[in-house]
Structure formats: structure tokens, C-alpha cells
Amino acid sequence: MDQQARFWRTAPVLFDVISSDDRIVYATQAEEAYLGFKTGELSGASAKLIYPDDVRQMFKGLLAGQDKSPVHMLGLKVTGSNGVTYALAASMAIIDDPEHGRCLSVVKMALGDALADVERLERENEVLSSIISTARDASYCVEFTEPVDMTAPEHEIIRQIFQNQCIWRYCNEAMSRLYRLPIGDDLNNHDVREVFARNPENESFVRELIENDFHIDGALARDHRFDGVDVFVENDVRADIRDHQLYRFWGTVRDLNSRKRREIELKSQANSALDILGSIPDPVLVVDGNGRIDGANSAVEWCLDWKVEHILGIGINNILNTDMPIDIAMKTAKPARIATPVPATAIRRDGTTLKCQATIASTSSELDHGRCVITLWLPRGNQYHATSNLETAQ
């Protein structure tokens, strides 16, 4: 045995050489010991002794030139003398052996649970990436390839944030939609500053991040969309700061323009509802599931002399009595289309009472369980004031 062969035989690595005829030409003593074989037992043996069929098929493809060589850090299975299978990481390369011709050198490393951990991390990363990419909310992560020095004065930190090299670590599809990116384009391939430009509003945004250690919700910024329009957005931001260096910050973004439009729309709807409610000449009371008054129209003021703001939050039994206890009447209330008036007594602010009829209608809302709308039909002369046929007050 020459000196080089002796070196490989005694080297403290798991190493062997596989010939084109599927035999183990050399194997180090360290590999034989690790797999439970005697010294020299593997040299000259069939590769089938320790390698399963799929691994040997891969060796065959490499030796035949069907697959590229070298191969670095590939996970493979190796079987020991006792039949136990070991998961190892291996690097392989084609060599020319003076005696055996074209061979494959295989260097292996025992990694314990490392490969299983890598596979687990890959699965978790795939799941998290899927969740982020399909999320409804726009989310992003900006990574600084040139970290920002957080020990610098505030103005210098701001300068670095807008000038240091950075990339999008990720942007989900909702980000592309929010910033009006052309269909088929990928925001991750664009410069961060195309969206997050330096302007007075964004300097204030960064200043607010600094003051809150990059842990803030609802921070305002002015970003630039790809259709050429600047938009105000609201950010929830977190960051990775280690050893006083800012490496990345991430968050979710909400378009304040669309939110503002929605607020205006809701306000308009609410105003319309209030206008309609205020135009009804009969007292209308909105009562929650606990029997407390949530709202009332202006007819309550001129018919019963109660100021609306004075009765909000008080029990309905301070304003109205029915033949059955009012709480039972509310629990048995039916939807407005089939609710019928019942005899009732309205109590005015001065303590006097008025005979009337009350329609107690359930709102039929799962979110507002037990909520009712009560319309009072008060007498006008000898008749109840109502738009439907109601009995004369007794």
C-alpha cells in the first residue's frame, strides 16, 4: 500500500471510492468503524452492501455522465452492518483511478438530526411563504444588505435608511395590487425606493419608527404607486435589530385612500338612516339585548318630552310599560314584517303617562342578539297615530 492510499485509509473521514462496476474500491477505516464493519471488510465489496438501490442508481448516472458532477452536500442513506440505515450528507466527484478507471469518490458527513431539521425548516418555510403570499393584507420585508447603524444620531439614521443598500426580502401579491404593479411583474425585482421614496412624510414616518424602536402600529407614510400616483398608507411595523444594527424591517400596509372612501360611504349611509329616522313622526326607540336604550329619534322629544341624550343607556322600562313584562316582550319579539302592535303605556318626562300601542320588532341580527326597534303609536284625538289600521285606544 503506497503512502497516499495509507493516508486515505486512516483519514478521520467517512470516505469511499465506487467503481463503474458497482464495487467499493476503497473505504476508510473511519467509515468501516462508523458502519460497524471490520477493518478492510468494505474494500472490494459490492456497493450493494451499504448503499440502497436508489443511491447506487444515482452513482451509475454520475459515472455514465448522465448527471452532472461534482455533487455537493446531497443527503443519502447508508446501511450499516447491523442493518441500521444512517442519513448522511455527501459530496461526490468523478476521479480516474489507475487500476479501476473511472470512479466516484464519495465523502460523507454524519449530521445527526441536522438533515431532518433542514427538511422541517423547508416545510415550515413553504407553509409560511404560502400564507404570506396569499394573504389579503399587503405585507413586505425590507432587508438592508448594508445594515443601518442605530447608534448614530437621528438625522444620520434617517439618511442611512434612505441611502443604504437594501432589497425587498419579500412582497406578497397584495402589495403588487396595492401599488398598481403591471400584471406579470414582480415587486421583489424592483428597487425599494421606487415605492418608499424620501419625502417629508416618510422622514416623519422613519422618525416615528426610531422613537418607537421600530415597533409601531398605524404609522403613516406617503408611498409612490407604479401608476404615478402618491398615496398615503398606514403601516404596522416590526424590525430585526441586533448589536445596534438594523438588518430588516417588515410589516403590513393599508391604503388610507380606500379606507377614507369607505368611511365617507358609511358616514353617508349613517346620515341617510338618521334623516329617515328623524322624519318619522312617531317615537322610535332602539333597545339592546339588555333592555337599555341605544338610540331614539327626535319624535321622542316632542311627543314624550325626553331629550334623546338623556335617555341613552337607561332601561326601556323607564319609558315604556306593556301588558307583559317588557323584557319578555322583547325576547318574544318577531321580525318587523310580522310584528304586531300591543297595548302599552308611554311614560313622559314629567311622570304622566300616555296610552299607546307599541310595535316591538326584532332586528334579527346574530351580531346584535336581542336588539329590538320599538315604534310607539300615540293617540291623536281618539285615534292612534299610525299609518296602518290600528284599534281605537281603550
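Small disclaimer: the values here were computed from a predicted structure and weren't measured.

Enquirer: Hey, could you go over the environment of Lys48 for me, with residue numbers and the actual values?
Expert: Secondary-structure assignment places Lys48 in the loop between helix H2 (29–35) and helix H3 (53–63). Along the sequence, Lys48 and Thr79 sit 31 residues apart, while their C-alpha atoms lie 9.3 Å from each other.

Enquirer: Account for the pattern of salt bridges, naming residues and giving values.
Expert: Under the criterion given, the structure shown has 21 salt bridges. We note a salt bridge from Asp16 to Lys108, for which the minimum N-O separation is 3.0 Å. Of this pair, Asp16 sits in strand E1 (residues 14–19) while Lys108 sits in strand E5 (residues 101–110), and the two are 92 residues apart along the sequence. You can call Asp16 buried: its relative accessible area is 0%. Taking relative accessible area as the criterion, Lys108 reaches 5% and is therefore assigned buried. The partner of Arg242 in a salt bridge is Asp240, with the nearest N and O atoms 3.1 Å apart. Classification of Arg242 as partly exposed rests on a relative accessible area of 40%. One connected set of salt bridges, linked through shared partners, spans Glu143, Arg169, Asp240, Arg242 and Arg248.

Enquirer: Residue-level account of a nonpolar patch on the surface, with values.
Expert: A cluster of nonpolar residues, Val127, Leu128, Ile131 and Ile132, forms a patch on the protein surface that exposes about 350 Å² of accessible area. With respect to the secondary-structure elements, Ile132 resides in helix H4 (residues 114–134). A relative accessible area of 30% places Ile132 in the partly exposed class.

Enquirer: Any details on the pairing of strand E16 (residues 353–362)? Residues and values, ideally.
Expert: A regular strand places its side chains on the two faces of the sheet in alternate fashion. Here strand E14 (residues 334–335) runs beside E16; their pairing, made up of 2 bridges, is parallel. Looking at the pairing, Pro335 lines up with Ser362 of E16. In the sheet, strand E15 (residues 342–347) pairs with E16 via 6 bridges, with the strands oriented antiparallel. Considered in E16, the bridge of Ile347 is made with Thr353. If you look at the hairpin formed by E15 and E16, you'll find 5 residues sitting between the two strands, and Gly351 has a positive phi there, around 95 degrees.

Enquirer: Would you mind going over the pairing of E5 in detail, with residue names and values included?
Expert: One ladder, built from 6 bridges, connects E1 with E5; its direction is antiparallel. Pairing of Val17 across the sheet is with Ser105, part of E5. With 10 bridges connecting them, strand E4 (residues 85–97) and E5 associate as antiparallel partners. The residue of E5 that forms the bridge with Ile95 is Cys103.

Enquirer: Describe the nonpolar core, listing the residues and the values that go with them.
Expert: In terms of nonpolar packing, the biggest core is built from 37 residues, with Tyr140, Ile161, Trp168, Met175 and Phe214 touching the most fellow members. Listing elements by their share of this core, those giving two or more residues are strand E6 (138–149), helix H5 (154–163), strand E7 (166–171), helix H6 (173–178), helix H7 (200–211), strand E8 (216–224), strand E9 (230–242) and strand E10 (245–255). With 5 residues, E6 is the largest single contributor of residues to this core. In contact with Met175, other than residues within four places in its own chain, are Ala138, Ser139, Tyr140, Trp168, Leu187 and Val253. Counting residues in hydrophobic clusters, the runner-up holds 26 residues, among them Ile293, Ala329, Met330 and Ile360.

Enquirer: Tell me about the sheet that holds E9, residues and numbers included.
Expert: If you walk across this open sheet you meet the 5 strands as E7-E6-E10-E9-E8, and the pairing is antiparallel. Two strands lie at the open edges of the sheet, namely E7 and E8, each paired on one side alone. Adjacent strand axes in the sheet meet at a mean angle of 35 degrees, parallel and antiparallel pairs treated alike. Sheet analysis places E6 next to E7, joined by 5 bridges and oriented antiparallel.

Enquirer: How would you sum up the packing of aromatic side chains? Please name residues and give values.
Expert: The full count for this structure, using the stated rule, is 8 aromatic pairs. Taking the centre distance of 4.9 Å and the plane angle of 80 degrees together, the rings of Tyr51 and Phe59 count as edge-to-face. For the pair shown, Tyr51 and Phe59 are each scored as buried. Members of the aromatic cluster, connected to one another through ring pairs, are Tyr140, Phe144, Trp168, Phe214 and Phe249.

Reading the values: rules and limits
Every chain is numbered independently, its residues counted from 1 as its sequence is written. Only residues with pLDDT of at least 70 are given local features in this predicted model, and only at 80 or more are side-chain atom pairs given and counted; all residues enter the totals for whole chains, interfaces and linings. In computing side-chain values, all of the structure's heavy atoms are included and hydrogens and water are not. Labels follow the DSSP assignment, with helices taken as runs of H or I lasting at least four residues and strands as runs of E lasting at least two, numbered in each case from the N terminus. For this document, the term salt bridge refers to a Lys or Arg side-chain nitrogen within 4 Å of an Asp or Glu carboxyl oxygen. In this scheme, a residue with accessible area under 20% of its type's maximum is buried, one over 50% is exposed, and one in between is partly exposed, where area comes from a 1.4 Å probe on protein chains only. Each patch groups residues whose relative accessible area exceeds 30% and which form no salt bridge, using 9 Å between like charges and 5 Å between nonpolar side chains of Val, Leu, Ile, Met, Phe, Trp and Tyr. Every accessible area reported is derived by Shrake-Rupley at a probe size of 1.4 Å, with residue values counting cover from the shown protein chains alone. Think of it this way: DSSP has to see at least two bridges between two strands before they count as a pair. We call a set of buried residues a nonpolar core when its members are Ala, Val, Leu, Ile, Met, Phe, Trp, Tyr or Cys and they connect through side-chain atoms within 4.5 Å of each other. Note on contacts: a residue pair is in contact if any heavy atoms of the two residues lie within 4.5 Å. For helices, the fitted axis covers only the stretch in contact; all axes are lines through C-alpha atoms, and the angles between them, taken along N-to-C directions, range from 0 to 180 degrees. Only Phe, Tyr and Trp rings take part, Trp by its six-membered ring, and two of them pair if their centres are within 6.5 Å. Stacked means planes under 30 degrees apart, edge-to-face means over 60, and tilted covers everything else.

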